[in-house]
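Topology and contacts: notes
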Amino acid sequence: MALIQIERPSKHILLFKINRPEAANAFSNELLETFEAALNDLGEARVLIITGSGAKAFSAGADLKERKKLTEDEVWPAVARIRSLVQRVSELEIPTIAAINGVAFGGGLELALACDIRVAHVSAQLGLTETSLGVIPGAFGTVHLTRIVGEAAALEMILSAKRITADEAKQIGLVTGVSDDALREATQIAEAISNNAPLAVKRAKEVVNAVSGNLTEAFLAEEKAYKSLIATEDRLEGLRAFSEKRAARFLGR
């Protein structure tokens, strides 16, 4: 079974479908490797759409069953693998659209935030839930979310680990559309883009992204903050609580 299903809705539109529905399309190491490889051959695509398999999840983010087994020294390299994928998506020359067909939590939402445009299914839920696990978003989520929705809304979502509905996401500008068929809406947007001059589209994307300026310091600050939390008791308690399906008992150490 292909962990990334690749389809071509039309000559110039490429669709990547994250395909681990039995695990809420969580990012296993193998899935991340498959996704990275798929990005190496975009062919004649002028637009890339990313969505999830099944009706329940875009992606629940990191595979916490894998994460629970890691030593402290192995945690950041695991985060960095997701971070690398998210960075590659954000740096693609062609426009990218996330069709959020279900839940998008943690690294799953960070992947969607790396896309240029996001549309969500009416039943989707979105959240950067890392503080409920004793860490923070580590794949540029703190930076990208703030750029997209503003500081106050980003802080509320991140600090509270709040899960918001598709309609709430649209109200704060996190998604541009809410639909009973997110992939269909994403494809319609992709078709409109792909009909335009491809060089002009690429240059327009460059200019809009340049408005945000140099993000290097913000990215480094996120990395430093995440690494400072790896050795804490609270991070381990967050993973135990998730595994045991109970509320975490954080002690602040």
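Check the entry above for the structure.
The present account deals with the structure reproduced in this document.

This next bit is on the pairing of strand β2 (residues 13-18). For β2, the tally of buried residues reaches six of six residues, placing the bulk of the element in the interior. Burial along β2 is two-sided: the face carrying I13, L15 and K17 and the face carrying L14, F16 and I18 are both buried. The turn joining strand β1 (residues 4-10) and β2, which pair antiparallel and follow one another in sequence, is formed by two residues. Note that β2 and strand β3 (residues 47-52) share six bridges and pair parallel. Across the sheet, L14 pairs through a bridge with L48, a residue of β3.

Overall, the coordinates contain 18 salt bridges when judged by the stated rule. Between E156 and K162 there is a salt bridge, with its nearest N and O atoms 3.1 Å apart. Residue classification places E156 among the partly exposed positions, given a relative accessible area of 45%. Its relative accessible area of 30% is what places K162 among the partly exposed residues.

Strand pairing within a sheet occurs via backbone hydrogen bonds; the two strands may be parallel or antiparallel. Strands sit in the order β1-β2-β3-β5-β7-β10 across an open sheet of six strands; the sheet is mixed. Edge positions in the sheet fall to β1 and β10 (177-179), since each of these pairs with one other strand and no more. Between one strand and the next, the sheet's axes are offset by a mean angle of 20°, whatever the strand orientation. Two elements, strand β7 (residues 117-121) and β10, share three bridges in a ladder whose sense is parallel. From the neighbouring strand, H121 faces β10, where its bridge partner is S179. Contacts from helix α4 (residues 107-114) reach β2, β3, β5 (96-100) and β7 within the one sheet, and its direction differs from that of β5 by about 140°.

Glancing now at the side chain of K17. Of note, K17 is situated in strand β2. By relative accessible area, which is 17% here, K17 ends up buried. Discounting chain neighbours no more than four positions away, the residues touching K17 are L3, I4, Q5, E7, T51, G52 and S53.

With that settled, the discussion passes to the environment of F58. Residue position: F58 is located in strand β4 (residues 57-59). Along the backbone, F58 and R20 are 38 residues apart, and their C-alpha atoms lie at a distance of 9.9 Å.

Strand order in this open sheet of four strands is β4-β6-β8-β9, and the pairing throughout is mixed. The strands lining the two open edges of the sheet, one partner per strand, are β4 and β9 (164-165). Across two bridges, strand β6 (residues 103-105) lies against strand β8 (residues 125-127) in parallel orientation. Residue pairing for β8: F105 is matched across the bridge by G127.

Moving on to the packing of aromatic side chains. In total, this model carries three aromatic pairs according to the counting rule given. Between W76 and Y226, the ring centres sit 5.5 Å apart and the planes meet at 55°, which makes this aromatic pair tilted. Linking W76 in helix α3 (residues 72-90) with Y226 in helix α10 (residues 216-229), this pair joins segments that are 150 residues apart in sequence. Overall, W76 belongs to the buried group, its relative accessible area being 13%. With a centroid separation of 4.4 Å and an interplanar angle of 55°, the aromatic rings of F140 and F219 are classed as tilted. Placement of the pair is F140 in the loop between β8 and α5 (141-149) and F219 in helix α10, with a sequence separation of 79 residues. Its relative accessible area of 3% is what places F140 among the buried residues. For F219, a relative accessible area of 18% gives the class buried.

What counts and how
- Residues numbered from 1 in each chain as written.
- Predicted model: local features only at pLDDT ≥ 70, side-chain atom pairs only at ≥ 80, totals over all residues.
- Heavy atoms only, no water.
- Buried < 20%, exposed > 50% of the residue type's maximum accessible area, 1.4 Å probe, protein only.
- Helix = DSSP H or I, 4+ residues; strand = E, 2+ residues; numbered from the N terminus.
- Pairing = 2+ DSSP bridges.
- Salt bridge = Lys/Arg side-chain N within 4 Å of Asp/Glu carboxyl O.
- Axes fitted to C-alpha atoms, helices over the stretch in contact; angles between N-to-C directions.
- Contact = heavy atoms within 4.5 Å.
- Phe/Tyr/Trp six-rings, centres within 6.5 Å; stacked < 30°, edge-to-face > 60°.

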